[in-house]
Amino acid sequence: MFAFTDSQGDLRFTLEEYKGVNAIFESAKNAEKRSEHGATKVWINNTLNELKYNPPSILHFSGHASTLGLSMQNNEKQTGLDLAAILKNNKIRILFLNGCCTSSLVKEIFAHENAVEAIIATRVPVQDFIACELSLSFYNAFITMGETLQGAFNEMYSLHSRYSLKKELKIWRFDEVEEDLYIDFDTAENFSWVIFSKNAKILNCTIDTLLDDSSKKVAEIDEEIKRLNDVLAKEERALNRIDKNDEQLKEDREYCEYKVASLLEEIRLKKQKKKNLLDDKFRISEDAIANEHSAAFTMAVENLNYKSQRKGLRINKAIGGIVMSGDEDSMLELLFRHFKSENNIRKENTEVYLFDDKSPFFGSFWARIAIGDKRNMQDVDFTVSDKQEIVYNIMREIFCAGGDTPHQNILFKVVCTHTELTLLEAALEEIWKLIHEYLVKENLSEKMKSWKYKIVFLLMDETGVQERKTAFDALVKRLKSNSYMTHFEVLEKVECMEQEVIYKWLDNQQQLSRMGFRLEHAEELFIESQGAIKKFLSIIKRRVNFEVSLLDELKIH
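The rules behind these values
Residues numbered from 1 in each chain as written. Predicted model: local features only at pLDDT ≥ 70, side-chain atom pairs only at ≥ 80, totals over all residues. Heavy atoms only, no water. Buried < 20%, exposed > 50% of the residue type's maximum accessible area, 1.4 Å probe, protein only. Helix = DSSP H or I, 4+ residues; strand = E, 2+ residues; numbered from the N terminus. Arc of directions from axis to C-beta. Core = buried A, V, L, I, M, F, W, Y, C linked by side-chain atoms within 4.5 Å. Contact = heavy atoms within 4.5 Å. Pairing = 2+ DSSP bridges. Polar contact = N/O pair within 3.5 Å; in protein donor to acceptor, adjacent residues only side chain to side chain.

### A closer look at helix α17 (residues 499-508)
Consideration 1: What α17 keeps buried is the set Ile502, Trp505, Leu506 and Asn508. Axial view of α17: buried residues confined to an arc of 170°, hence all on one face.

Next up, the structure:
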């Protein structure tokens, strides 16, 4: 059940969200929905009444909100108490409150008797555009892809790291009401959504387990418990009317006491049966839990210091740059992995990457970039025209998608030993000259100054060897002095993480708390690692009790 509002007439993305959610549910099997753009409190109450024999499992709100409640159409307020009252007599188990500062309502909702087991809410103000995109990513994962509730929430987080860098479209879903509470707009660029749950089992549910036959059985048991409670109330009233001191009524009193005790036992057994059904519904093997934790942990690690390292794309030059790593503090391999998922190309339904060995371009001209691979260099012998054709094709078909404006970043991973840095310098210069030739040939030299997408080379070295760092520094100076760098920029290595970065990472990775990583550990982790990412990952690897293939790939011991 989806309620969308635009009480102040400035949230155009609630309409986009309304259309997108409807499209997702229209194509889903066994999923029915009611949705309204411009929803009122009356619409919610009337719809729940209409659906009392087929009640919804999910209630979603999108629109203006504040710490005082949700703003329905015509500026009607839906407070935490209002929501608790609505939720009391239905079977809604998941709430998604997609407005600003809605986490203040969670405690009040959970405190009252209802079926709600999980609530997705926000800690601070959120942008209309980002809230829409994350909502659609959640339902696409949960409904279309069949992800668990936790998995769908993780998809939201993964997507947010891309949109959080956008500075345009800053319209807030905040209901500007008079209140004495401080609203922190400064933290709104952080991931603001949190998933609250009464029990960890609900986080493992999928749309199928949420809607399966056991839900009907649970509903039937609830009805039976209600009937038995009504009978019990009558029997207890009858028992209370019997005079305890009247010996002639002793047998009547004992019979009533027997019936009350029998009803209490029957109710207890019904409740136990309900509990068993719910336990079976969300029971998950230890291996499955470990796999889920590993997936969540991997996603968290991939986002470690992501924004700081992502600055490699936020450069002033028109076309591209080089991000360099000469020590273990930056761990650019994590940035590279994240870029792989953002800048993929599909060839014959197979996902390949420009910088991946599965790419059709790997092993050809770009073997020069894999300088450490002597065999490739000896086997490949390309003419200037061969190289030119490859570069032109990448620029035209991939970077600019057949047009004259880029539509995605192009990234290359470069690994070599420090004795081969001079070869690397020559390779970069040759590549850039061919790119420049293409720009001139297509009359794009002026237009490229406004391009926001870049060509970036990630120079990988995480050995921590001092002479390697010195060699990298020397290369940076030479590259900066070259004339071909007019539209190309060298960026310095990413610095170590500060304690505040670790704190924000733990705060934003809610799923890590289930694995024993909490905010109070931030200072301890920082002191022990001094912000060096490899050392940091080595420390936290020792604290997990499951295998993480990512850390093995990164050679974290």
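### A few points about the nonpolar core
Consideration 1: Counting 43 residues, the largest nonpolar core has Phe138, Tyr139, Phe142, Leu149 and Trp193 as the members making the most contacts within it.
Consideration 2: Elements with a minimum of two residues in this core: β1 (2-4), α1 (12-26), β7 (94-98), β8 (118-122), α5 (128-144), α6 (149-163), β9 (193-197) and α7 (207-211).
Consideration 3: Those residues in contact with tryptophan 193 that lie beyond four places of it in its chain are Phe96, Asn98, Ile120, Ala121, Thr122, Val126, Ile130, Ala131, Leu134, Phe153, Met156 and His160.
Consideration 4: Residues Leu334, Ile502, Ala522 and Leu551 belong to the second largest nonpolar core, which totals 29 residues.

### So, the pairing of strand β3 (residues 58-62)
Consideration 1: Among the 5 residues in β3, 5 count as buried, and that is most of the element.
Consideration 2: Taking every second residue as pointing to the same face, both faces of β3 are buried, with Ile58, His60 and Ser62 on one and Leu59 and Phe61 on the other.
Consideration 3: Where β3 lies against β7, 5 bridges are found, and the strand directions are parallel. Its bridge partner lying in β7, histidine 60 is registered against phenylalanine 96.

### Here we look at the side chain of asparagine 98
Consideration 1: With respect to the helices, strands and loops of the structure, asparagine 98 is situated in strand β7.
Consideration 2: With a relative accessible area of 0%, asparagine 98 lands in the buried category.
Consideration 3: A polar contact of 3.2 Å, which involves the side chain of asparagine 98, links it to the side chain of glutamate 17.
Consideration 4: What asparagine 98 contacts, discounting residues up to four positions off in sequence, is Glu17, His60, Phe61, Ser62, Gly63, Ala131, Ser135, Arg173 and Trp193.

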